[in-house]
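Report on the structure
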Amino acid sequence: MSSSSSLKTVRQLQVASPVPADIDIANSVEPFHISEIAKDLNLSPKHYDLYGKYKAKVLLSVIDELKGSGDGYYVVVGGITPTPLGEGKSTTTVGLCQALGAFQDKKVVTCLRQPSQGPTFGIKGGAAGGGYSQVIPMDEFNLHLTGDIHAITAANNLLAAAIDTRIFHEATQSDKALMNRLCPPNKEGKRSFNDIMFIRLTKLGISKTSPEDLTPEEVKKFARLDIDPDSITWRRVMDINDRFLRKITIGQGPDEKGMVRETAFDISVASEIMAVLALTTSLADMRERLGKMVIGNSKAGDPVTADDLGVGGALTVLMKDAINPTLMQTLEGTPVLVHAGPFANIAHGNSSIVADKIALKLVGPGGFVVTEAGFGADIGTEKFMNIKCRYSGLTPQCAIIVATIRALKMHGGGPDVVAGKPLNNAYVTENVALVEAGCINLAKHISNTKAYGVNVVVAVNKFSTDSEAELNAVRNSALAAGAYDAVICTHHAHGGKGAVDLGIAVQRACENVTQPLKFLYPLDFSIKEKIEAIARSYGASGVEYSEQAEKQIEMYSKQGFSGLPICMAKTQYSFSHNASEKGAPTGFVLPIRDVRASIGAGFIYPLVGTMSTMPGLPTRPCFYDIDLDTSTGRVIGLS
């Protein structure tokens, strides 16, 4: 495999004005067969598995084959603090790649997260981009894709079932009976440990290889996990916004013998298994991470893992296909790798390390990999740098911050922007002073992002109601705040052609990096010191911990987990914990309600304020608009 100089499958778009609905644009273009997109990347059929005509799973063997070749430039796309409508971060990511590939003759791969059905059917809509900068087929991208989220849901819930089942059986059996059932005799009447049991035996310091050799004390240690039900942090998940599952009671059936406990559902993309998928570097690494996931503690205070429950191998089997990124294409025929979909407000908000690594090798030196980090740069880009880059060892050369006049006016003191309601007149008439006041939010994101040692390029998504004076005010403010460049973009209306200036700016920024990557905090800081470093980056003057948070921090520190990075679960609508605090608030005290741990994924995650890990549906969800044209079989109404 070797790099080719340019893409051959580029498609020239015929753009219409006004811009039609996203789904209508997506349906107006016949995608190339995915084998053509693969051929552009010098992937042969042995490097991927087809999933229909327009999707393929790229196999991890590509990384090994290209181990000795150089990487391309690595670009991360974040944004300013968004309105509930979103500011077009995915659209910018796609539009930039269309510009680089279709207009600037660069080898390029877009790396995106897989959308959750939560926002797709909820309030935000899909995440394929928009206008003439989209991933296609748009309906397949936004719905089941290749089933990765379903695999995560299945694996997560298998582990949840294993936890409660184990507690049930331990409560009703003696140590000897448990041991006899865990290690049943074979046809010759001999008992043996299977492979996964040796992980627990090693953890317990037991070196014996036969169940018969264990002392009664060792039998008890091995067979009885003695899980404390009040300590269980593992929840069931589903990929739908369902507020009525935020607290549930399980075990009320007559056969469960009164073993009732309170628990809850999270949305699937908040599952630790999603984070494991996004942060893993190989199949072996994923197996190890899945086995190390901590579900709670024993009554003695020791962490209990998936491998203690004997289920780590089965989880890996359920995830064996999900580890391979999905190859798709943009409207203009440039390649896209879609993989993993953790939310940035309740998880770490970035697509997978393996997709980025494969892409960087495929584009080669001089090529570009553009990856998106969720929501504002205060959470998505921060987690990209401090969590994802730590585990990947990769260094970005450029960070893009996406801005809109609309969002900047809101941060300048404009009225609330509410999804589903018409925009206030303030957002569609010229008001330079309001824009300039809102640029305080942009400036804060620029200074935070520059601190990582990357060059920052601001991409301003232009709307038809934006005036030249307003756009110039943003550009001037961005440059004054230290941005490497600030570019006005029209890729939503014009496709890659509308992002050519952005592509030129990004190339220059990548070629002129002068600093190494710098992290916000060292890993040997205490959990609290790391939390407080992130809080200061938001503008907080201090941090306030609940009694529960204090208890969890003390426990995780005692269990040896304090060396992990921090993944803040925080509202995306403000630098602070209060979604109504716009601009760049300072002097607030950040409240930490609880602290949880994703040990397999490799981070500690504090819950800030009232942050929920199961979103709810609005009064008027997106699903009202979604239907099937039964005469053509096409999906209509997706946004």
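Residues numbered from 1 in each chain as written. Predicted model: local features only at pLDDT ≥ 70, side-chain atom pairs only at ≥ 80, totals over all residues. Heavy atoms only, no water.

If you check an unreviewed UniProt entry, the chain appears there as Formate--tetrahydrofolate ligase from Prunus yedoensis var. nudiflora. Entered under Subunit (unreviewed entry) in the UniProt record, the comment concerning the chain runs "Homodimer." Recorded under Catalytic activity (unreviewed entry), the UniProt text for the chain is reproduced unchanged: "(6S)-5,6,7,8-tetrahydrofolate + formate + ATP = (6R)-10-formyltetrahydrofolate + ADP + phosphate". (UniProt positions renumbered as here; feature names shortened; annotations may be inferred.)

What follows concerns the overall build of the chain. Counting its regular elements, the chain contains 22 helices and 23 strands. For the chain, whose C-alpha radius of gyration is 25 Å, the value lies close to the compact-globule estimate of 26 Å for 639 residues. Seen through its C-alpha atoms, the chain measures out along the principal axes to roughly 80 × 55 × 55 Å. By the burial criterion, 58% of the 639 residues in the chain qualify as buried. (Helix = DSSP H or I, 4+ residues; strand = E, 2+ residues; numbered from the N terminus. Rg over C-alpha atoms; globule rule 2.2 N^0.38 Å. Buried < 20%, exposed > 50% of the residue type's maximum accessible area, 1.4 Å probe, protein only.)

It is worth spelling out the sheet that holds strand S19 (residues 542-545) at this point. Within a sheet, each strand pairs with its neighbour through backbone hydrogen bonds, oriented either parallel or antiparallel. Taken together, the 3 strands give an open sheet; going across it, the order is S19-S20-S21, and neighbouring strands pair in mixed fashion. The open sheet is flanked by S19 and strand S21 (603-608), the only strands paired with a single partner. Across the sheet, the mean angle from the axis of one strand to that of its neighbour is 50°, orientation sign disregarded. Two elements, strand S20 (residues 589-598) and S21, share 6 bridges in a ladder whose sense is antiparallel. Each residue of the ladder has a partner; that of Val 595, found in S21, is Pro 606. On the sheet, helix H22 (residues 547-558) packs against S19, S20 and S21 and is oriented at approximately 40° with respect to S20. (Pairing = 2+ DSSP bridges. Axes fitted to C-alpha atoms, helices over the stretch in contact; angles between N-to-C directions. Contact = heavy atoms within 4.5 Å.)

Looking now at the state of the cysteines. Tallied over the entire structure, the rule returns 0 disulfides. With no disulfide of its own, Cys 97 lies 8.3 Å from the sulfur of Cys 111, the closest cysteine sulfur. Classification of Cys 97 by relative accessible area gives buried; the value is 0%. Free of any disulfide, Cys 389 has its nearest cysteine sulfur in Cys 111, 13 Å distant. (Disulfide = S-S within 2.5 Å.)

A separate point is the layout of surface pockets. Here the second largest pocket is characterised by a volume of approximately 930 Å³. Taken together, 40 residues make up the lining of the second largest pocket; nearest its centre are Asp 230, Ile 232, Thr 233, Gln 548 and Asp 594. Tallying contributions element by element places H22 first for the lining of the second largest pocket, with 7 residues. Of the residues that constitute the lining of the second largest pocket, the class distribution is 13 nonpolar, 13 polar and 14 charged. Looking at which domains feed residues into the lining of the second largest pocket, each of domain 2 (150-308) and domain 3 (527-607) gives three or more. (1 Å grid on protein atoms, 1.4 Å probe; cavity = no way out; pocket = protein on both sides within 12 Å on 5 of 7 lines; lining within 4 Å. Points joined across faces, edges and corners; volume = space filled by probe spheres on them. Nonpolar A, V, L, I, M, F, W, Y, C, P; charged D, E, K, R; others polar. Domains from an automatic or database assignment.)

Right, let's talk about the pairing of S20 for a bit. Here S20 lies mainly inside the structure; 7 of its 10 residues are buried. Note: S19 against S20, 4 bridges, orientation parallel. The partner of Gly 542 across the bridge, within S20, is Val 589. Between the antiparallel neighbours S20 and S21 lie 4 residues, among them Gly 602 with a positive phi of about 105°.

Moving on to the packing of helix H12 (residues 283-292) against helix H13 (residues 312-319). One can describe the packing of H12 onto H13 by two numbers: an axis separation of 8 Å at closest approach and a directional angle of 130°. Viewed along their axes, H12 and H13 adopt a mutual orientation that is oblique. Considering the relative orientation of H12 and H13, their crossing is right-handed. Residues Met 286, Arg 287, Leu 290 and Gly 291 of H12 touch H13, and the partners they reach there are Gly 312, Gly 313, Leu 315, Thr 316 and Met 319. A class-by-class count of the residues in the contact of H12 with H13 yields 4 nonpolar, 4 polar and 1 charged. (Parallel < 35°, antiparallel > 145°, perpendicular 65-115°, else oblique. Left-handed = near helix turned anticlockwise from the far one by under 90°.)

Look at helix H4 (residues 89-103) against helix H20 (residues 500-511): their axes get within 8 Å of each other, and the N-to-C directions meet at 85°. On the basis of the axis angle, H4 is roughly perpendicular to H20. Residues Thr 92, Leu 96, Ala 99, Leu 100 and Phe 103 of H4 pack against Val 500, Leu 502, Gly 503 and Val 506 of H20.

Further remarks concern the domain arrangement of the chain. Here the domain parsing of the chain yields domain 1 (23-146 + 321-512), domain 2 (150-308) and domain 3 (527-607). A separation of 28 Å is found between the C-alpha centroids of domain 2 and domain 3. Every contact between the two is made by 14 residues of domain 2 and, on the other side, 12 residues of domain 3. In this assembly, domain 2 packs against domain 3 so that about 930 Å² is buried in total across both faces, 52% of it on carbon and sulfur atoms. Inspection of the region where domain 2 meets domain 3 yields 0 salt bridges. Sorting the residues of the side of domain 2 that touches domain 3 by element identifies helix H11 (272-279), H12 and strand S11 (294-297) as the ones contributing at least two each. In terms of residue count, the dominant contributor to the side of domain 2 that touches domain 3 is H11 (4 residues). (Buried area = accessible area lost by both parts, 1.4 Å probe. Salt bridge = Lys/Arg side-chain N within 4 Å of Asp/Glu carboxyl O.)

As a further point, take the side chain of Gln 507. Within the secondary structure, Gln 507 sits in helix H20. What makes Gln 507 buried here is its relative accessible area of 18%. Look past the residues within four positions of Gln 507 in its chain and what remains in contact with it is Gln 104, Lys 106 and Phe 368.

Glancing now at the confidence of the model for the chain. For the chain, per-residue confidence averages 92 on the pLDDT scale, and residues scoring 70 or more make up 96% of the total. Counting contacts from residues 1-5, a segment whose pLDDT is below 50, to residues more than four positions away or on other chains yields 18 contacts. (pLDDT = per-residue confidence, 0-100.)

In this structure, Leu 159 and Met 319 are the most contacted members of the largest nonpolar core, which totals 85 residues. Leu 159 has contacts with Trp 234, Met 293, Ile 295, Ala 306, Leu 309, Val 311 and Leu 315, leaving out every residue within four places of it along the chain. In terms of nonpolar packing, the next biggest core, distinct from the first, is built from 31 residues, Ile 379, Ile 531, Ala 549 and Ala 597 among them. (Core = buried A, V, L, I, M, F, W, Y, C linked by side-chain atoms within 4.5 Å.)

Moving on: unusual backbone geometry. With an omega dihedral of 0°, the bond running from Ser 17 to Pro 18 counts as a cis peptide bond. Tracing the sequence through the fold places Pro 18 in the segment before helix H1 (22-28). Each neighbour pair has its own omega, and for Ile 136 with Pro 137 the value is -5°, a cis peptide bond. Relative to the helices and strands, Pro 137 is located in the loop between strand S6 (133-136) and helix H6 (138-142). With a phi angle near 70°, Ala 340 is a residue other than glycine that sits in the positive phi range. Relative to the helices and strands, Ala 340 is located in the loop between strand S14 (335-338) and helix H14 (353-363). Positive phi is not limited to glycine here, since Phe 375 has a value of about 55°. With respect to the secondary-structure elements, Phe 375 resides in the loop between strand S15 (368-372) and helix H15 (380-392). Looking at Phe 375, the relative accessible area reads 17%, which means it is buried.

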